[in-house]
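# Residue-level structure breakdown
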Amino acid sequence: MAIRVNPKLIDELETYGAADVQNCYHCGNCSATCPFSKEPFVIPRRSMRNLQMGLEEKLKGTFEPWLCYYCGECSQQCPRGAEPGETMMSLRRWLTSRYDLTGISRLFYRSWKAELAALILVSLVTMVAFLVMGFSLGHGSLGVYAGAGALFPDHLVHILDLALAGLLAAVLLTNSIRMWWLTTGRNRNLHISLWSYVKNVFLLPYHFLSQARYSQCEKKLPWLTHLAIFLSWVTMEVLVILLLERFHSPETVWAAHVFGYLATIGLLGGTIYAMVGRVRKRETHYKHTHPTDWMFLILIAGAAFTGIVQHASYRWLGLDSVANIAYLIHMMFVVPLLAVQIPFSKLSHLAYRPLAMYLATLHTDALAAQEPAVAQTEPVRLAA
Amino acid sequence: MEELKIGVFICNCGSNIAHHVDVDAVREAVEAKPGVAIARSYKYMCSNPGQDMIARDIREHQLNRVVVAACSPRMHEKTFRNACRNGGLNPYLCEMANIREQCSWVHSDQLAATEKAKALTNAAINRVRYHEPLESLTAEMCPATLVIGGGIAGLTAALELADAAHQVYLVERTATLGGNLARVDLTAPHLDSARDLLTERITRVRANSRITLMLNSELQSLAGYVGNYAAIIRTKNGSGEVQERKVDVGNVVVATGYQEFDAGRITHYGHGKLPNVVTSFEFEQMLRKGRIETRHGKLPQYAAIIHCVGSRNKEFHPYCSRVCCMTALKYAHELKSANPACYVSDIYVDMHAFGKGHEDFYKTTSEVKTLFLMFEKNERPVVRKAGPNDDCEMLIEVNETLSRERIEIPADLIILMVGMEARADSGEVARLVNISQDKEGWFMESHPKLDPVATTTDGIYIAGTCAAPKDIPDTVAQARAAAARILGKIAKGKIEIDGVFAEVNEDRCSGCRMCNELCPYSAIEFNDETRRSHVIPAACKACGACVAACPSGAIKGRHFTVEQLHAQIDGVLA
Amino acid sequence: MSFEPKIVGFLCNWCSYTGADLAGTSRIQYPPNIRVIRVMCSARIEPDFVLRALASGADGVLICGCHPGDCHYSEGNYKAMRRYPLLKRMLKDYGVDNDRVRLEWVSASEGQRFADIVTDMTERVRALGPLRIKTDLQTDMVER
């Protein structure tokens, strides 16, 4: 059965950041230089070809974009300036918008103003909700940061946290199932046993926590930077969810706080490094910046910064009202970051990437069993 | 016969000959032969010191014959004849023995190779005894030139010659000048107007008083030889009247061009059946009219261009037609600039971007978002009409090699890049001017690398696409090259005719006239008064057909006489 | 010691001689029994040459020209092609075996073909043994 070519898909991908994709004339230098390109995943050339020809269903069913970590070597080697690295990035954005069933993701990627508006809206709703919670429900006062009479009492914040977490988990789960369906579930030619699913399930938390594949890129610094930001963020989430009371107690619990400090340094340092990098554009993967990338970084940096202000105002300066205002602004950064970016935008990669690694192993094992010749093709790598 | 003093020079050619042939043994064997004054061997006989050695030895030893046992005479006959000339010896008193290409390089048995080398050298020594000093003849060179074909090649050649103040007769078959280029709108890769290119030429040709323009004319016959041709041109005027005119020319430039492949021969492309499948020339018509549209008058939303139609295929023509890839890119540009919303697919086999600016042109065509799809040249795409629910007129199905998928490409308009082929009447032209055609019908040049505009018939030159598919820069280069060669000849004033030709001994000639019809160059004439045949030396090409055929043995083939050949046969078997 | 035949080859300058040269440039090996004589065109070859070769000690004669249609002089090879059957008939009457005199077309690009023809012919003539009617031919031939 012949597949219909759809030349219109490229126009759509341009809004996701892909540019000059048609320049690619398939010399294959990109895949030759990519450290991850190996049958059955030919990165990035296969994705470039599927995109050029507009094979939408095929593209939706691939997860090669998630196996790429944008080291940028391919873009550097490309003799035609077809930017395969940025194309893979735009494909990640596009896939994110496809896994989402609501269509909101698509809207946000098409129009950064819509996403900005959504962020601002959620921010304002958060502000209103917290103010309502603080002043009417909790009967707190502005001058009390922690303990009894606090403006934003811990037990209420917990409820909000858990509710938000629950909602996001549900959305991510739905989207992940959709990703599984598009790439694996609906593929009649691939037979993956239940045992294969079970025995490889450890890969999910493993990749989630370590981003191990990223560490296999030739340049280690991007992986380390990302790991630092990620671990800092996870640390903060764990601390906030489990040890919120510790933060708000008058005594300094060093065991908890040292992690907090490290995490804050990690977050702030990492995001500032990334922002500076994107302004200077010296690294290949920093040359192209989509508005969603800026929003992501600014929100995290803002959250980290307001966290410091809270801490400093409460603990060192004793200015509870300032701390509370910082707390409010902090939530106005954090809630949109989580509520908008996790289900509909960039942060969703925290689910899709580990899932892609898991599925890649399942696919490879299944193919090895079905077509040993293809699975064993190992490209010859010359010594560097 | 005078006392013979033969100098034998045996070349080592480094180790090329010396490795398998015992050169010293050969030298010893020939030293003792009667008439051999000296026998030498040297590393590289063709080098300057080697040639000087021959010249010196001729003078010092008063040699009157020279034998060089070395590489093939096709390689260095001229070199050693020159060395003899430098030594004061007539160049035809030299003979070569091929002990490299036909001895040391093909026989690994040293003993056998050496014996053969001795035999071949011996044969050359035997033969050279019977060599005679031959002198070149001179004849007048008519400075007028006949140019056949009024396309860009013919126009360029004519102008080049006329600008150098020489008479040109430009013969064009149709009523207009410009040839195939006149059917084209823009040229690739710079998107210049073809009309501008041609108008400049045509205006200058018409204004030049030295160019006699003959439209609606064809060459009827061409007699004579280089420097002295008589051409008869037949012209048909508007009312069907035919006029014949005889012109005297010294040289001829054949610039008859090409014709395009008939796309209807590839049935599954649908040309002639589906209304929106057009050839490149039909598309050019649309471009010149300024409107790109389907047969139903609509702007095409999807356009597709298919390469290699009739080219690179054993079924039709095995060669590449050279210009179509860049022309296809030109069409992609023109489609996009006429309608930026049009989706253009370029369906190619390989992208031949060999010339100046071609790779850049390919890149800019990608940048305007042309989709390039590759197919294997023996698995051609199939075109069919689309269904009522499709948003396009036709669908092209093909195995796409870059993605390894079988795909369907939507198209409202399909442009077939038809290849070039030799004109149907090229055989007639070849016969008229006595040049050869290759297997595909293209006129053959004298040497594909070293002599691309001359032919093996002196005075006849070929330029442009009649010799092989090529683009405008190459066509113009060849036209100018042909003109330059002719100008060089005209500048010399006289032509030198090789001293090797056939001679009739009129005492022996019986007047049977068998030789008259045998000569492919019509170089033998019969004198009605003396009742004898004689050869026109300038026209004779020394093939020897008449020499072998003469029942009276009256014709002597200079430099290939019966004595010489018999001596050679005996020598080789001694 | 096996019999080593002597074969004389008449090659036309433009196609077959160039083809033989190509066999050389390509280092294609063939038996050393052949000795080549260059003529401009296969049309130059008189039956007399063939007879003289056989009379002077050749055990076989190979005539090579351009493929029909490709003759440098238009039609020379057609003339050789016409003379050849008559020559063969005459040689048969003299008792010369069919395989001893051979006409082949070799183009300038057919080095391998030339080598193959020479190899084949050498073996055939070797199998036939030496030619024994030289003296008969000598007395029959017209002296020039």
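Residues numbered from 1 in each chain as written. Chains lettered and ligands numbered in written order. Predicted model: local features only at pLDDT ≥ 70, side-chain atom pairs only at ≥ 80, totals over all residues.

Looking now at the overall build of chain A. Across its full length, chain A holds 17 helices and one strand. Taken over C-alpha atoms, the radius of gyration comes to 23 Å for chain A, in line with the 21 Å a tight globule of 384 residues would show. Expressed as lengths along the three principal axes of its C-alpha atoms, the size of chain A is roughly 70 × 45 × 40 Å. In chain A, which comprises 384 residues, the proportion classed as buried is 38%. Considering only intrachain contacts with a sequence separation of at least 6, the fraction spanning at least 24 residues in chain A is 72%. (Helix = DSSP H or I, 4+ residues; strand = E, 2+ residues; numbered from the N terminus. Rg over C-alpha atoms; globule rule 2.2 N^0.38 Å. Buried ≥ 20, exposed ≤ 12 C-beta atoms within 10 Å, placed from the backbone. Contact = placed C-beta atoms within 7 Å.)

So, on to the nonpolar core. Counting residues in each nonpolar core, the largest one holds 178 residues, and the members touching the most others are Val-68, Ala-69, Val-147, Ala-157, Ala-158, Val-252 and Val-254 of chain B. If we skip the residues at most four places from it in the chain, Ala-69 of chain B touches Val-8, Ile-10, Cys-11, Val-26, Ala-97, Ile-99, Ala-117, Leu-120, Thr-121 and Ala-124 of chain B. If you look at the next biggest cluster of nonpolar residues, it comprises 131 residues, including Leu-267 of chain A together with Leu-371, Leu-373 and Leu-416 of chain B. (Core = buried A, V, L, I, M, F, W, Y, C linked by C-beta atoms within 7 Å.)

Attention shifts here to the packing of helix α13 (residues 254-280) of chain A against helix α14 (residues 291-316) of chain A. Residue and element names in this part refer to chain A. Following both chains from N to C, one finds α13 and α14 inclined at 145°, their axes separated by 9 Å at the closest point. The crossing of α13 and α14 is left-handed. Only Asp-293, Leu-297, Ile-300, Ala-301, Ala-304, Phe-305, Gly-307 and Ile-308 of α14 make contact with α13, whose side of the interface consists of Thr-264, Leu-267, Leu-268, Thr-271, Ile-272, Ala-274, Met-275 and Arg-278. Residue composition of the contact of α13 with α14, by class: eleven nonpolar, three polar and two charged. (Axes fitted to C-alpha atoms, helices over the stretch in contact; angles between N-to-C directions. Left-handed = near helix turned anticlockwise from the far one by under 90°. Nonpolar A, V, L, I, M, F, W, Y, C, P; charged D, E, K, R; others polar.)

Before going further, it helps to spend a moment on the confidence of the model for chain B. Mean pLDDT for chain B: 94, with 100% of residues reaching 70 or above. We note a pTM of 0.82 for the whole complex and an ipTM of 0.93 for its interfaces. (pLDDT = per-residue confidence, 0-100.)

This paragraph deals with the sheet that holds strand β18 (residues 382-385) of chain B. Read from one edge of the open sheet, four strands run β1(A)-β20(B)-β19(B)-β18(B), paired in mixed fashion. Single-partner strands in this sheet number two, and they are β1 (3-4) of chain A together with β18 of chain B. Strand direction decides the pairing type here: β1 of chain A and strand β20 (residues 405-411) of chain B, joined by two bridges, are parallel. Paired with Arg-4 of chain A across the two strands is Glu-408 of chain B, which belongs to β20 of chain B. (Pairing = 2+ DSSP bridges.)

This part is about the environment of Ile-211 of chain B. All names here are of chain B. By secondary structure assignment, the location of Ile-211 is in strand β8 (residues 211-214). Remark: the alpha-carbon pair of Ile-211 and Val-168, spanning 43 residues in sequence, is separated by 4.8 Å. Setting aside anything within four residues of it in sequence, one finds Ile-211 in contact with Ala-158, Ala-162, Val-168, Leu-170 and Val-205.

Of the residues lining the interface, 36 residues belong to chain C; the matching set on chain B comes to 35 residues. Elements represented by at least two residues in the side of chain C that touches chain B include exactly α1 (16-25), β2 (34-39), α2 (47-56) and α3 (76-94) of chain C. Broken down by element, the residue count for the side of chain C that touches chain B peaks at six residues, all from α1 of chain C. Here the residues of the side of chain C that touches chain B are counted per class, giving 17 nonpolar, nine polar and ten charged.

Bringing the interface of chain A and chain B into the picture now. Listed as interface residues are 15 residues of chain A and, on the opposing side, 17 residues of chain B. Of the residues that constitute the side of chain A that touches chain B, the class distribution is seven nonpolar, four polar and four charged.

Moving on, we get to the packing of helix α3 (residues 45-52) of chain A against helix α6 (residues 84-99) of chain A. Residue and element names in this part refer to chain A. Running from amino to carboxyl end, α3 crosses α6 at an angle of 70°, the nearest separation of the two axes being 10 Å. The angle between α3 and α6 falls in the class roughly perpendicular. Along this stretch, α3 crosses α6, giving a crossing that reads as left-handed. Two secondary-structure elements touch here, α3 through Ser-47, Met-48 and Leu-51 and α6 through Pro-84, Thr-87, Met-88 and Leu-91. (Parallel < 35°, antiparallel > 145°, perpendicular 65-115°, else oblique.)

Residue and element names in this part refer to chain A. The element α3 is extensively covered by neighbouring structure, given that eight of its eight residues are classed as buried. When we look at burial in α3, the residues that qualify are Arg-45, Arg-46, Ser-47, Met-48, Arg-49, Asn-50, Leu-51 and Gln-52. Positive backbone phi, at 70°, marks Gly-54, one or two positions downstream of α3.

All names here are of chain A. Domain boundaries in chain A define domain 1 (9-99) and domain 2 (104-361). The centre of domain 1, based on its C-alpha atoms, is set 27 Å off from the matching centre of domain 2. Every contact between the two is made by 24 residues of domain 1 and, on the other side, 29 residues of domain 2. Broken down by secondary-structure element, the contributors of at least two residues to the side of domain 1 that touches domain 2 are α5 (73-77) and α6. With seven residues, the top contributor of residues to the side of domain 1 that touches domain 2 is α6. (Domains from an automatic or database assignment.)

Moving on, we get to the sheet that holds strand β16 (residues 343-348) of chain B. Residue and element names in this part refer to chain B. Ordered in space as β14-β21-β15-β16-β17, the five strands form an open sheet in which the pairing is parallel. Each having just a single partner strand, β14 (277-279) and β17 (371-374) make up the two edges of the open sheet. If you compare each strand with its neighbour and ignore which way they point, the axes differ by 20° on average. Where β16 meets β17, four bridges bridge the pair, whose relative direction is parallel. Considered in β17, the bridge of Ile-347 is made with Leu-373.

To continue, consider the environment of Gly-61 of chain A. Residue and element names in this part refer to chain A. Mapped onto the elements, Gly-61 comes out in the loop between α4 (56-60) and α5. Remark: the alpha-carbon pair of Gly-61 and Arg-93, spanning 32 residues in sequence, is separated by 14 Å. The contacts of Gly-61, once residues within four sequence positions are left out, are Leu-182, Thr-183 and Asn-187.

Taken domain by domain, chain B consists of domain 1 (6-134), domain 2 (145-257 + 423-494), domain 3 (265-417) and domain 4 (502-558). Using C-alpha coordinates to define each centre, domain 1 of chain B is positioned 61 Å away from domain 3 of chain B.

Attention now moves to unusual backbone geometry. Of note, the bond from Ile-43 of chain A into Pro-44 of chain A is cis; its omega dihedral lies within 30 degrees of zero at -10°. In this fold, Pro-44 of chain A is placed in the loop between α2 (29-33) and α3. With omega at 0°, the peptide bond leading from Ala-188 of chain B into Pro-189 of chain B counts as cis. When you line up the elements, Pro-189 of chain B lands in the loop between β7 (168-171) and α7 (194-207). With phi around 55°, Tyr-70 of chain A is a residue other than glycine that occupies positive phi space. Among the residues examined, Tyr-70 of chain A registers 22 C-beta atoms within 10 Å and is labelled buried.

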